[in-house]
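# Residue-level structure breakdown
Here is how the chains run, residue by residue.
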Amino acid sequence: MGLGFWLWRLTLLSAIFFSPNQCTCQKDGVVNSRARVLGGGSCLNAGFYTRASPHYVREVGWDGKLVNESYRWVERVVAFQPPMRQWQSAVRDGLIEVGVLPYNGFTYDHVYGTKVGGSIFDQNGHRHTAADLLEYANTNTMTLLLHAIVHRILFITNNKGGSSSRPVAHGVVFKDEHGREHMAYLKQGSRNEIIVSAGALGSPQLLMLSGIGAAHHLREHNISVVLDQPLVGQGMSDNPMNAIFVPSPAPVEVSLIQVVGITDFGSYIEAASGENFNHRSRRDFGMFSPKIGQFSKLPPKQRTPEAIEKAIERMESLDQDAFKGGFILEKIMGPISRGHLELQNTDPNENPIVTFNYFQDPRDLEMCIQGINTIERIISSKAFSPFKYDNMPVSMLLNMTANSPVNLLPKHTNTSMSLAQFCRDTVMTIWHYHGGCQVGRVVDTDYKVLGVDALRVIDGSTFNYSPGTNPQATVMMLGRYMGVKILTERLVADETK
Ligand SMILES: Cc1cc2nc3c(=O)[nH]c(=O)nc-3n(C[C@H](O)[C@H](O)[C@H](O)COP(=O)(O)OP(=O)(O)OC[C@H]3O[C@@H](n4cnc5c(N)ncnc54)[C@H](O)[C@@H]3O)c2cc1C
C-alpha cells in the first residue's frame, strides 16, 4: 500500500449519512455543524477562500516557499474571483469609508484593510470542493472508499523492549454502509504510515477511540489504553461570530461571503445577503438560517430544539420583503478562549461532546465589541445608505423584536452595557472550530503523533489558532504541503541508502 493511498485515504475517506451535515453536541448551547461527506466542510461551507498571513506561516514554522506553491496548487482547481454586485460592493465601500484601510482589491492574501477575497464557487455558481483536488491523484495507485467510517486505529508494540518500545500504528478497523466490519493493514516492514484527517471533531475522537487519550477518560468508556495522553481533545476553540441583520428598502443580490475587512484590533468583518429560496427549504436566510442552528434571538443556553423549531416556523411564514436585506457579521481572530472535547460514547458516527468556552477570555469579548462597533459605523455610512431604512437606527436593529428570527434582545437598552451583552447573547458559530490534536501537544511539527510511530494527524485539529480570516484554504494547502514534504523526505532517504 503506497503512501499516496494512505494520504488520500483518510483525508477523503468520508461517510455520507442521511445528510452531509450533522448537528453537533455542544455544552455552550451554540448549535454547530459538522460535514460528513467526501470533501468535508468544503462541500457545505460558505465558500470564502483566503490564505493565512505570512506572520501566521512564520509562527507555525512552515517553509514559506512550499506554502505558497501549495496554495497555488489548490487555487488552480478550487478558487475563483467572486462577482461583486451592489450589496457586497456597498459593504466594501462602507468598510473603506469607516477606515478599514487600505483597500487591497481582489486578493487571496491576508493583509490589513479591506479586500475582495476568493470563493470556491465559480462564475456559474458551481461549488468546487477539496474532493476536486482528486484530479491531481494517480488513480493507478489510489483506492478511495466511500461510506466507510474508521472505528479505530490498530497498534502493535515494537519488540525492541525496554523503554524504547512504542506503539506502532499498523492498520485500521472500518465499517461500510451495511455496517460490515473490515480491516486494512499497512504493508509489513514498509515505511508507510496512517494519516488521519478526520477534522477537529473527528481526529481527537478517533485517537481516543483507538486508545490514545487521558487514561481515566478512556477507561470510563472501556477503551484499552494504548497511550495515556491527556492533551488529546484539549485546546478546542471556535471563533465566535455575531451578526446584525439590516433590512433593505432596495432589492439585494443573494450573496455569500465575498468581502472582508481585516481590522488591526483582531476582528474580521464579512457579510451575506438575500433570501435563499428553493422549493424544498422554502423561505430561508441561508447561512443564517435557524434550520442549521443559526439562531441569535435567544441566548445560547435557551436555544432548545423547541425554540429553534418555532424560529423556523416564523422564518418560513415571513413575508418575502422581510428577506430583503443582509447580515453584516464580525468574528474574532484566534480565539484566545479554549475548551475541550470528550467522548459521549464509542460510536464514531456520533459526535463527541465539545465545550468551546466562547468569550471566556475578556480579550475575545473586547474584539467582538470593537467589531460590532465597526459594523454599526458601516451601517450608518454614506456608502451603505441605499440598503438601509432611514428611520431604523442601529439601536433599533440590535433590539429588533419584530416577529422575526433575526436580531435581538429587547432587554438591552443601555448601549455601553449592551454591546458586551449583545456579543454574549447573540453568539453563533462561523464553523472555524479547530484544535484537539495541536502541534506541540499531541503532534510534533511534522504532524507525527507524539509517543507512537507510523501515525500522523494532518487537518484543522492541529491548529493552535484559526489561520487567516477563514481556514479552508490553509487546511487544503497543508494537505499538499505535507504530502510533498513526506515524499521528498522519502526520496532523500532512498538516495542516501
Ligand atoms: C457550514 C460551514 C461553513 C463554513 N464556511 C467557511 C468558509 O466560507 N470559508 C472557509 O475557509 N472555511 C469555512 N468553513 C470551515 C472549513 O470548511 C473547515 O475549517 C474545514 O473544512 C476543516 O477541514 P478538516 O479537513 O480539518 O475537517 P473536515 O472538513 O470536517 O473533514 C473531516 C472529514 O473526515 C471525515 N471523517 C470524520 N470522522 C471520520 C471517521 N471516523 N472515518 C472516516 N471519515 C471520517 C468527515 O466525513 C469529513 O469528510 C465552514 C465550515 C462549515 C461547516
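Use the structure listed above.
Residues numbered from 1 in each chain as written. Predicted model: local features only at pLDDT ≥ 70, side-chain atom pairs only at ≥ 80, totals over all residues. Heavy atoms only, no water.

## What to know about the sheet that holds strand S13 (residues 234-236)
Strand order in this open sheet of three strands is S13-S18-S19, and the pairing throughout is antiparallel. If you trace the sheet from one side to the other, it starts and ends with S13 and strand S19 (353-355), each paired once. Each neighbouring strand pair of the sheet contributes to a mean axis angle of 40°, computed without reference to strand direction. Here strand S18 (residues 339-342) pairs with S19 via three bridges, running antiparallel. Across the sheet, leucine 341 pairs through a bridge with valine 354, a residue of S19. Against the sheet, helix H5 (residues 199-209) engages S13, S18 and S19, with an angle of about 50° to S18. (Pairing = 2+ DSSP bridges. Helix = DSSP H or I, 4+ residues; strand = E, 2+ residues; numbered from the N terminus. Axes fitted to C-alpha atoms, helices over the stretch in contact; angles between N-to-C directions. Contact = heavy atoms within 4.5 Å.)

## Points about the packing of helix H3 (residues 64-78) against helix H11 (residues 472-495)
Contact geometry of H3 with H11 gives a least axis separation of 8 Å together with a crossing angle of 120°. One way to sum up the angle between H3 and H11 is to call them oblique. Crossing hand, H3 versus H11: right-handed. Contacts between H3 and H11 involve Leu66, Val67, Glu69, Ser70, Tyr71, Trp73, Val74 and Val78 on the former and, on the latter, Ala473, Thr474, Met476, Met477, Arg480, Tyr481, Val484 and Lys485. Partitioning the contact of H3 with H11 into residue classes produces eleven nonpolar, two polar and three charged. (Parallel < 35°, antiparallel > 145°, perpendicular 65-115°, else oblique. Left-handed = near helix turned anticlockwise from the far one by under 90°. Nonpolar A, V, L, I, M, F, W, Y, C, P; charged D, E, K, R; others polar.)

## Remarks on the side chain of serine 119
Structurally, the position occupied by serine 119 is in strand S6 (residues 118-119). Within the structure, serine 119 has its side chain in polar contact with the backbone nitrogen of phenylalanine 121 (distance 2.9 Å). Those residues in contact with serine 119, other than ones at most four positions away along the chain, are Gly47, Tyr49, Val78, Ala79, Phe80 and Pro82. (Polar contact = N/O pair within 3.5 Å; in protein donor to acceptor, adjacent residues only side chain to side chain.)

These figures come from the coordinates and say nothing about function on their own.
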